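Tertiary structure, described
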Amino acid sequence: MSTFVAGHRGMVGSAILRKLEALGETIITRSHGELDLTDQAAVRSFMQAEKPDRVILAAAKVGGIYANNAYPAEFIYENLIMQANVIHQAFEAGVGKLLFLGSSCIYPKFAEQPIREDALLTDTLEATNEPYAVAKIAGLKLCESYNRQHGTDYRSVMPTNLYGPGDNFHPEKSHVLPALIRRFHEAAHAGASDVVVWGTGTPRREFLHVDDMAEASLFVMGLDKETYEQETQPMLSQINVGLGQDVTIRELADVVARVTGFQGTISFDTSKPDGTPQKLLDVSRLSRLGWTANIGLEDGIRSTYDWFLQQSDAELRQV
């Protein structure tokens, strides 16, 4: 059985790739240079030539608050077209099983906490990443629509905030946790007395290590169809994936400071946006199916920081 992993060089895709390799699976991959997923004709040709048995759609244009605010057109366009191309051409090539990776930002800004799957489309989205969220909702609904009309087995998982090896540590385009890791690391090594964090520090966030996400993805994909359909609904079929607990941004900053060895003070720039007040996923659906996360937050941050240091050392050796 062959599996095409779209986005295998990204943080989630590479973690899934490692899991599949450990299982001895037959894997198909293409880099962006080899296959542009926004090119419909190219995706069609690839799918018809390879005809994979399964597809894992982990490819996406992602970024933090800054990037989502600065490039909204790119976020909605590129994600919409990639998803539409991969899902439709997978169907055209006879792929019966596909897993779509979404995001917890599909849920309303003020959804009841913890957020259940049935909160989808019940209220307004967080404005800072609405274009990306709309694209992810469209991807989920594409999967459900092909299932309803064509009897395919296209499933969707909605992860909480992810972090881990392969994350983007860019100072402007990264998500909150890798951005904090880089900022505190640089401050600790420079002997800085203070680190400034965006917002008030009060919003609560849930973080899941990417290795747990990869394991959960393969678990959901491996469920027999009857079990999956018993736990879901035809037009509410996504499964939340998370740690099941959250922390404030202030608490997160304290953990990152401890891990990186920063001993100065932490202050908060309240002129910067906080984003959604809280985003904690209800993971009871996945728990009932038999999977729970294994990697605790501080342990996960430590291993991620170790990976970051290894990458930094490698870059310095190449200079």
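Residues numbered from 1 in each chain as written. Predicted model: local features only at pLDDT ≥ 70, side-chain atom pairs only at ≥ 80, totals over all residues. Heavy atoms only, no water.

**A short note on the packing of aromatic side chains**
- Counting across every chain of the model gives seven aromatic pairs.
- Relative to Phe 308, the ring of Phe 169 lies with its centre 4.8 Å away and its plane at 45°, an arrangement referred to as tilted. Here Phe 308 lies in helix α11 (residues 297-318) and Phe 169 lies in the loop between β6 (161-163) and α6 (176-190), a separation of 139 residues in the sequence. No difference in accessibility class separates Phe 169 from Phe 308, as the two residues are buried. (Phe/Tyr/Trp six-rings, centres within 6.5 Å; stacked < 30°, edge-to-face > 60°. Helix = DSSP H or I, 4+ residues; strand = E, 2+ residues; numbered from the N terminus. Buried < 20%, exposed > 50% of the residue type's maximum accessible area, 1.4 Å probe, protein only.)

**Notes on the sheet that holds strand β11 (residues 247-248)**
- Sheet architecture is open: three strands sit in the order β11-β8-β13, paired in mixed fashion. Here the strands that pair on one side only, and so sit at the sheet edges, are β11 and β13 (278-279). (Pairing = 2+ DSSP bridges.)

**Section: the nonpolar core**
- Counting 40 residues, the largest nonpolar core has Phe 4, Leu 37, Met 47, Val 55, Leu 98, Tyr 107 and Tyr 154 as its most contacted members.
- Counting residues per element, the ones that place at least two in this core are β1 (2-6), α2 (40-50), β3 (54-57), α4 (72-92), β4 (97-101), α5 (130-150) and β5 (153-159).
- For this core, the element with the most residues is α5, which contributes six residues.
- When sequence neighbours within four positions are dropped, the list of residues in contact with Phe 4 reads Ile 28, Thr 29, Arg 30, Leu 35, Phe 46, Met 47, Pro 52, Arg 54, Val 55 and Ile 56.
- Ranked by size, the runner-up nonpolar core spans 28 residues in total, among them Ile 56, Leu 99, Ala 214 and Ala 216. (Core = buried A, V, L, I, M, F, W, Y, C linked by side-chain atoms within 4.5 Å. Contact = heavy atoms within 4.5 Å.)

**Some details on the environment of Pro 159**
- Inspection of the secondary structure puts Pro 159 in strand β5.
- Taking the C-alpha atoms as reference points, Pro 159 and Gly 10, separated by 149 residues in sequence, lie 15 Å from one another.
- Those residues in contact with Pro 159, other than ones at most four positions away along the chain, are Gly 102, Ser 103, Ser 104, Met 213, Val 241 and Leu 281.

**Description of the packing of α4 against α5**
- Where α4 contacts α5, the two axes come as close as 8 Å, and the packing angle between them is 15°. Viewed along their axes, α4 and α5 adopt a mutual orientation that is roughly parallel. Considering only the axes of α4 and α5, their crossing is right-handed. Contact residues: α4 offers Pro 72, Phe 75, Ile 76, Asn 79, Leu 80, Gln 83, Ala 84, Ile 87, His 88 and Phe 91, while α5 offers Pro 131, Tyr 132, Val 134, Ala 135, Lys 136, Ala 138, Gly 139, Leu 142, Cys 143, Tyr 146 and His 150.
- By residue class, the composition of the contact of α4 with α5 is 15 nonpolar, five polar and one charged. (Axes fitted to C-alpha atoms, helices over the stretch in contact; angles between N-to-C directions. Parallel < 35°, antiparallel > 145°, perpendicular 65-115°, else oblique. Left-handed = near helix turned anticlockwise from the far one by under 90°. Nonpolar A, V, L, I, M, F, W, Y, C, P; charged D, E, K, R; others polar.)

**Looking at the side chain of Glu 117**
- Looking at where Glu 117 falls in the secondary structure, it is placed in the loop between β4 and α5.
- The side chain of Glu 117 is buried and forms no salt bridge, while Arg 285, the nearest opposite charge, is found at 4.2 Å.
- A distance of 2.9 Å separates the side chain of Glu 117 from the backbone nitrogen of Asn 240, its partner in a polar contact.
- With residues near it in sequence (within four places) discarded, Glu 117 still touches Tyr 107, Leu 236, Gln 238, Ile 239, Asn 240, Asp 282 and Arg 285. (Lys, Arg positive; Asp, Glu negative; His and termini not counted. Salt bridge = Lys/Arg side-chain N within 4 Å of Asp/Glu carboxyl O. Polar contact = N/O pair within 3.5 Å; in protein donor to acceptor, adjacent residues only side chain to side chain.)

**Quick notes on the environment of Tyr 146**
- Mapped onto the secondary structure, Tyr 146 falls in helix α5.
- Judged by its relative accessible area of 13%, Tyr 146 is buried.
- As a C-alpha pair, Tyr 146 and Ile 87 span 59 residues in sequence and 8.7 Å in three-dimensional space.
- If we skip the residues at most four places from it in the chain, Tyr 146 touches Ile 87, His 88, Phe 91, Gly 151, Thr 152 and Tyr 154.

**Describing unusual backbone geometry**
- Along the chain, Gln 113 connects to Pro 114 via a cis peptide bond; the corresponding omega equals -10°.
- Residues other than glycine seldom take positive phi values, yet Leu 121 does so here, at roughly 65°.
- With respect to the helices and strands, Leu 121 occurs in the loop between β4 and α5.

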